[in-house]
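Chains, contacts and geometry: an overview
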Amino acid sequence: MKTCLVVDDSSIVRKVARRIVEALGFQVIEAEDGVEALVHCKKAMPEAVLLDWNMPVMDGFQFLGTLRRMPGGDEPKVVFCTTENGIDHITKAMGGGANEYIMKPFDKDIVLAKFQEVGLVAREEETAA
């Protein structure tokens with residue numbers, strides 16, 4: 001089973017994300033900041049990361065840079081989930097190694113679409129073939 005690391009300082013957002021991602025067939029690991037997330041990645045690298053931008057201790061952008069420099073850190077598909085919608089934030093996230101970017105609040109359809117775009121979940125037409 002594929003693993004998704006949900007990194008957000010809001011327990012409510014983590015709970016909502018967990019429900020959505022588990023429904024897509026992933027095992028979920030939660031972290032409330034970038035430092036805690038790195039500890040999980042050192043134990044076992046996840047296939048996917050849903051990542052908040054603004055967090056205490058270590059924010060999402062700092063986590064992403066550190067993750068991408070780790071052995072195997074180029075493998076996880078990272079989807080930023082944030083309220084920051086400025087083009088400068090999106091450009092910075094994608095330039096920093098994120099694979100996709102979604103706005104909060106998000107729902108199952110949005111997460112599914114982004115996971116399909118980055119190849120984490122097969123598109124329906126692919127599974128029907």
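Residues numbered from 1 in each chain as written. Predicted model: local features only at pLDDT ≥ 70, side-chain atom pairs only at ≥ 80, totals over all residues. Heavy atoms only, no water.

This model, assessed by the stated rule, comprises 6 salt bridges. The shortest N-O distance in the salt bridge between Glu22 and Arg18 comes to 2.8 Å. Here Glu22 pairs with Arg18, and both are found in helix H1 (residues 11–23), just 4 residues apart, close to one helical turn. Using a relative accessible area of 26% as the deciding quantity, one classes Arg18 as partly exposed. Lys104 is the partner of Asp52 in a salt bridge, and the nearest nitrogen-oxygen pair spans 3.1 Å. On the criterion of sequence distance, the pair formed by Asp52 in the loop between strand S3 (48–51) and helix H3 (60–69) and Lys104 in the loop between strand S5 (100–103) and helix H5 (108–117) is long-range, its members being 52 residues apart. The partly exposed category is assigned to Lys104, whose relative accessible area is 21%. Ionic contacts of the salt-bridge type, sharing partners, join the residues Arg14, Arg18, Glu22 and Glu30 into one network. (Salt bridge = Lys/Arg side-chain N within 4 Å of Asp/Glu carboxyl O. Helix = DSSP H or I, 4+ residues; strand = E, 2+ residues; numbered from the N terminus. Buried < 20%, exposed > 50% of the residue type's maximum accessible area, 1.4 Å probe, protein only.)

What follows covers the UniProt feature "modified residue: 4-aspartylphosphate" (unreviewed entry) in the protein. Following the UniProt record, one finds the feature "modified residue: 4-aspartylphosphate" (unreviewed entry) at Asp52. The class of Asp52 is buried, set by a relative accessible area of 5%. Among residues more than four places away in sequence, those in contact with Asp52 are Val7, Asp8, Asp9, Gly60, Phe80, Cys81, Thr82 and Lys104. (UniProt positions renumbered as here; feature names shortened; annotations may be inferred. Contact = heavy atoms within 4.5 Å.)

All right, on to the packing of aromatic side chains then. Each aromatic ring pair is specified by the distance between its two centres and by the angle formed by the two planes. For the structure on display, the rule yields 4 aromatic pairs. Consider the rings of Phe26 and Phe115, whose centres lie 5.3 Å apart with planes at 70 degrees: the pair is edge-to-face. Taken together, the residues Phe26 in the loop between H1 and strand S2 (27–31) and Phe115 in helix H5 connect sequence positions 89 residues apart. As far as burial versus exposure is concerned, Phe26 and Phe115 are alike and both buried. Judged by centre distance (6.3 Å) and plane angle (45 degrees), the rings of Phe80 and Tyr101 are tilted. One end of the pair, Phe80, is in strand S4 (residues 77–82); the other, Tyr101, is in strand S5, and 21 residues separate them in sequence. (Phe/Tyr/Trp six-rings, centres within 6.5 Å; stacked < 30°, edge-to-face > 60°.)

The subject of this paragraph is H5. Within the sequence span of H5, burial applies to Val111, Lys114, Phe115 and Gln116. N-cap assignment for H5: the residue whose side-chain oxygen lies 3.2 Å from the backbone N of Asp109 is Asp107. Where H5 ends, the next residue or the one after it, Gly119, has phi of about 85 degrees, a positive value. (Polar contact = N/O pair within 3.5 Å; in protein donor to acceptor, adjacent residues only side chain to side chain.)

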